[in-house]
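Coordinate analysis (summary)
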Amino acid sequence: MPTNFAKSFRNSGTAFHKQHRRPHELCFFSHVFLSLSHLQHLTKSLLAVAFLASFGSSMLYGYNLAVVNSPAQYIKEFYNETMIETYDWTPHEEVLTVLYSLTVSIFAIGGMTGALLVGRLVTTFGRKGTLVKSTGLVFIGGALMGFSRWCRNPAMVIIGRFITGVHSGISLSVVPMYLGEIAPKNLRGFLGLVPSIHICLGVFIAQVLGLSELLGKEEHWPLLLSLVVFPTIVQLMLLPWFPESPRYLLIEKGNVHATIAALKWFRTKGNIQAEVEEMQEEQRSLSSIQTLSVRNLLMDRCVRWQVITIAVVNIGMQLSGIDAIWFYTNDIFKNAGIPEPHIQYTTVGTGAIEVISGMLGCFTIERLGRRPLMIGGFLFMGLCCAGITVSVLFQAQLSFMRYISVGCVVGIIAGFCIGPAGVPFLITAELFKQSHRPAAYTVAGCLNWLSNFTIGFVFPFLEIATGPYCYLIFCAICLGVALYTIFIIPETKNKTFMEISQMFADKNNILEEELMSNAHLKMATMNGYGALGQNDEG
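Keep in mind that this is a model prediction, so the values were computed, not measured.

**Examining the overall build of the protein**
- Assigned secondary structure in the protein consists of 27 helices and two strands.
- Here the protein holds 538 residues, and the buried ones make up 56% of them.
- A sequence separation of at least 24 residues applies to 81% of the contacts in the protein between residues at least 6 apart.

**A short note on the nonpolar core**
- The biggest cluster of nonpolar side chains holds 94 residues, and the ones touching the most others in it are Tyr178, Leu297, Ile412, Phe432 and Tyr471.
- Once you skip the residues sitting within four places of it in the chain, Phe432 turns out to touch Leu297, Val303, Gln306, Val307, Ile310, Arg437, Ala440 and Phe497.
- Membership of the second largest hydrophobic core comes to 28 residues, among which are Leu60, Val68, Met145 and Ala206.

**Quick look at helix H3 (residues 44-66)**
- Taking 1.5 Å per residue as the helical rise, H3 with its 23 residues ought to reach 33 Å, and the 31 Å between its terminal C-alpha atoms agrees with that figure.
- For H3, the tally of buried residues reaches 18 of 23 residues, placing the bulk of the element in the interior.

**Details of the side chain of Asn314**
- Along the chain, Asn314 falls in helix H17 (residues 304-318).
- A distance of 2.7 Å separates a polar side-chain atom of Asn314 from the backbone oxygen of Ile310.

**What to know about the environment of Ser148**
- Along the polypeptide, Ser148 turns up in helix H8 (residues 148-151).
- Taking the C-alpha atoms as reference points, Ser148 and Phe78, separated by 70 residues in sequence, lie 9.9 Å from one another.
- Discounting residues that sit within four places of it in the chain, Ser148 has contacts with Phe78, Asn153, Met156, Val157 and Trp221.

Conventions and cut-offs
- Residues numbered from 1 in each chain as written.
- Predicted model: local features only at pLDDT ≥ 70, side-chain atom pairs only at ≥ 80, totals over all residues.
- Heavy atoms only, no water.
- Helix = DSSP H or I, 4+ residues; strand = E, 2+ residues; numbered from the N terminus.
- Buried < 20%, exposed > 50% of the residue type's maximum accessible area, 1.4 Å probe, protein only.
- Contact = heavy atoms within 4.5 Å.
- Core = buried A, V, L, I, M, F, W, Y, C linked by side-chain atoms within 4.5 Å.
- Expected span 1.5 Å × (residues − 1).
- Polar contact = N/O pair within 3.5 Å; in protein donor to acceptor, adjacent residues only side chain to side chain.

Shape descriptors only; they carry no functional weight alone.
As structure tokens, this is what we get:
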């Protein structure tokens, strides 16, 4: 974005504050205007690749999370009809509930499978290459779900959900990894939250298309499930034209020329030597250029607290209650007393709030930092979870409590999308150096998806067993993650990957010399930028 554009925003903000002189407005608008000034180094290429990678991958994750909500009853009826036709057996309602819960949660099992593949895929094919090659999974899964009703085969729905889950498991880790590696340090937060906006947008689109006036009819639910193929077609056509991650090209492939070409593509005109030298400093600090396995990552005491941190934030992200809200929004609003014809429109309204909240977090993260968005988001979610419990308990006596319940649901969604939706994926990239990052995303992804599956499968039964008190469990988890962030996680805004590693050195009881040591690697010079050469000494 041009510098004069950012300046014009700052000047207009100053004029507004001088005229009105309201301190709380001054604080808010200053954050927004100054955040926009950080975008002056944002090139068209960076913005295009961020939106393209997120549109064909992250958005599909959000879409698949919410798309089974609207046609739930039609899917259950389809399962019931095919059971009768095939086996001459009428299943009980409990059996249909289990089958539907399996349809919802098998997506997370696929996601966990995909997450296990991330480390090997990104090392073999690169970050962008993995995104491009994994698109085939979407076409297979979409075709299975789209033709399931015509083939009268419920297994096609479940298998299709599993395969699209594998794609989401891969892309949910690879997209933030790719964007985190191509972004300059002052834009890592902004670009790192672009995928979370698309996740929220995917949820919103699924809610809108699921309206009864559009595709929320019995004959249209297979089409609704299979629409995921269209964003993937766009990504497959355009993403291959963009460069691979410069950090991958230099640190893992040792290709200085390709690295410089990629940086020139993604950066404004100017000197990129400092950025290449920063990558080479990280390369020299690595004990091995080879990517670490998950086992070696878990045994490496140099990253002990980083691993604990990604485990806490990724588990906390899913067990915060947001998946229960997304999977079962209609049931929650029905129990809150919202008239059934109005529920679908209330759900769409929450989707719009998700997108707005995600954009607010994206445009303020480079000004506020990662910690405030995480702490504020989780604390607000915890408060709203407690509010749901109280409002549901007293809505029989106090009719206005049903609106408090809906407000708390909206509050959970807003609090989640502002920070906890995207920051865990962002800091997973920031807390680790190049050799550790693929394994870190594998661990984070597996824990994230395992928690996602647990909530998707267990929540209906948990709600039956504990009623509204189940949200107090989510409240305790949200408060615990917020406290962990306050006391353990440092601010990573505008820091290089090496600086962040050094910030954790004290917690891991690692001397800086040990962190930087590498006896067998040294810098050589190549075209003024430097290249990595092997030490000829003994």
